[in-house]
Amino acid sequence: MKKQVIIIPCSGIGKSLGTVGRVATYKVTDELRPEKTRTVCLPLLTIGDKEAVQLVKKNPCITIDGCPAQCSKKNVEVSHGKLAHQIVVTSVLRENRTLKPSGVIELNPEGNQLANVIAEKVSEKVDEIMGEKKK
Amino acid sequence: MTLAKGKVGIICCSGEDLPEGTISRVAVRLVLEKLRPDKTVTLCLPLFLAGGEEERGFARLFPTIAIDGCDKKCAAIGTAKYSGKPAATIMVSEILKKHPDVKAVSHATLNAEEMKVAVEVAEEIAKKVDEILRSQK
């Protein structure tokens, strides 16, 4: 199996921040770095699914958490996964205060822009992890 | 901790790797926002592992309905493992079998056909919410 970076959002359902992480993940895995990345269902780690645990143990992981509870990061850590980088949406929001997200089923335009900012950050990190960072 | 009357907890898998996970997520939000806003609450499934006793007490406080995208049943298994056995379960992949013409493919945003299935799942959840609350009386 070729090495890929596993992008794991928390997908928190209570707030739009969880949707921002989820949308950012799909922008990376489906559009920006489809060959180098994939995602895995976070709940599989929560229940200790063997296949999912092996995946995060064998491949570098980037977690995207909506809030400071950091569910994705903690689930990867409990699974003894290779945590290469973590992003918390609230931290990126502090750097981009005009991009206030709203909506869970569907993000508002500002939320989508915030997801784009995060997706770019994640893509840069993916390149770095894969040893392809542009100088 | 005693069971809270009048509210039902909904836990969905929100599985990231499958379109069915997005359908489960959208269906739950439709129930929370539109169909039964005063009768339902939710909790992020990964919080059962990442959180503390307060989160793990969720299914002891509320009767729960687990909504799963696929037969891995993460929401049902995770809720039972960390908190308490769900009062009811729903699997999106089973409801999709009733619609062989619908191929679930979307990740971030559901298409019109997938949204119809999400609405059907939401209505099924709402029906189970009403049944559970009726049984509490």
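See the structure printed just above.
Residues numbered from 1 in each chain as written. Chains lettered and ligands numbered in written order. Predicted model: local features only at pLDDT ≥ 70, side-chain atom pairs only at ≥ 80, totals over all residues. Heavy atoms only, no water.

It is worth spelling out the side chain of Arg29 of chain B at this point. Assignment of secondary structure puts Arg29 of chain B in helix α1 (residues 19-35). Taking relative accessible area as the criterion, Arg29 of chain B reaches 12% and is therefore assigned buried. Ignoring sequence-local partners within four residues, the contact set of Arg29 of chain B consists of Ile13, Gly14, Val104 and Ile105 of chain A together with Lys34 of chain B. (Helix = DSSP H or I, 4+ residues; strand = E, 2+ residues; numbered from the N terminus. Buried < 20%, exposed > 50% of the residue type's maximum accessible area, 1.4 Å probe, protein only. Contact = heavy atoms within 4.5 Å.)

Another point: α1 of chain B. Taking 1.5 Å of rise per residue, the 17 residues of α1 of chain B would be expected to cover 24 Å, and the 22 Å separating its terminal C-alpha atoms lies within 8% of that figure. Burial runs high along α1 of chain B: 14 of the 17 residues are buried. (Expected span 1.5 Å × (residues − 1).)

So, about the nonpolar core. In this structure, Ile8 of chain A together with Ile65, Ile67, Val121 and Ile125 of chain B are the most contacted members of the largest nonpolar core, which totals 59 residues. Beyond its immediate chain neighbours, meaning those up to four positions away, Ile67 of chain B contacts Ile10, Ile11, Cys12, Cys13, Ser24, Val28, Ala75, Ile90, Val92, Val121 and Ile125 of chain B. Ranked by size, the runner-up nonpolar core spans 20 residues in total, among them Ile7, Val23, Ile64 and Ile118 of chain A. (Core = buried A, V, L, I, M, F, W, Y, C linked by side-chain atoms within 4.5 Å.)

Another aspect to go through is the packing of aromatic side chains. Residue and element names in this part refer to chain B. Per the stated rule, a full pass over the model turns up 2 aromatic pairs over all chains. With centroids separated by 6.4 Å and ring planes inclined at 15 degrees, the aromatic side chains of Phe48 and Tyr82 adopt a geometry described as stacked. Residue Phe48 is located in helix α2 (residues 47-50), and its partner Tyr82 is located in helix α5 (residues 74-82); the two are separated by 34 residues in the primary sequence. The exposure class of Phe48 is buried, given its relative accessible area of 0%. By relative accessible area, Tyr82 is classed as buried at 19%. Ring geometry for Phe58 and Phe62: centres 5.2 Å apart, planes at 55 degrees, overall tilted. Taken as a pair, Phe58 and Phe62 share a single burial class, namely buried. (Phe/Tyr/Trp six-rings, centres within 6.5 Å; stacked < 30°, edge-to-face > 60°.)

What sets the pattern is the α-helix's 3.6 residues per turn: residues three or four places apart point alike. Here helix α4 (residues 71-78) of chain A has its buried residues at Cys71, Ser72, Lys73, Asn75 and Val76 of chain A. Of the surrounding secondary structure, the elements contacted by the buried residues of α4 of chain A are β1 (5-9), α2 (42-46), β3 (60-65) and β4 (82-88) of chain A together with α2 of chain B.

Before going further, it helps to spend a moment on the pairing of β4 of chain A. All names here are of chain A. Of the strand pairs in this sheet, β3 and β4 are connected by 6 bridges, and their pairing is parallel. Paired with Cys61 across the two strands is Leu83, which belongs to β4. Note that the unit made of β3, α4 and β4 has a crossover that is right-handed. (Pairing = 2+ DSSP bridges. Right-handed = clockwise from strand over helix to strand, strands pointing away.)

All chains considered together, the criterion is met by 0 disulfides over all chains. Left without a disulfide partner, Cys61 of chain A is nearest to the cysteine sulfur of Cys41 of chain A, which lies 14 Å away. Note on Cys61 of chain A: relative accessible area 0%, which makes it buried. With no disulfide of its own, Cys13 of chain B lies 6.2 Å from the sulfur of Cys12 of chain B, the closest cysteine sulfur. (Disulfide = S-S within 2.5 Å.)

Moving on: the packing of α1 of chain B against helix α7 (residues 112-136) of chain B. Residues and elements named next belong to chain B. One way to put it is that α1 packs onto α7 with a least axis distance of 8 Å and a crossing angle of 55 degrees. Between α1 and α7, the crossing angle belongs to the class labelled oblique. Here α1 and α7 pass one another in a crossing that is right-handed. Here Ile23, Val26, Ala27, Val28, Leu30, Val31 and Leu35 of α1 lie close against α7, whose contacting residues are Glu114, Met115, Val117, Ala118, Val119, Val121, Ala122, Glu123, Ile125 and Ala126. A per-class count over the contact of α1 with α7 returns 15 nonpolar, no polar and 2 charged. (Axes fitted to C-alpha atoms, helices over the stretch in contact; angles between N-to-C directions. Parallel < 35°, antiparallel > 145°, perpendicular 65-115°, else oblique. Left-handed = near helix turned anticlockwise from the far one by under 90°. Nonpolar A, V, L, I, M, F, W, Y, C, P; charged D, E, K, R; others polar.)

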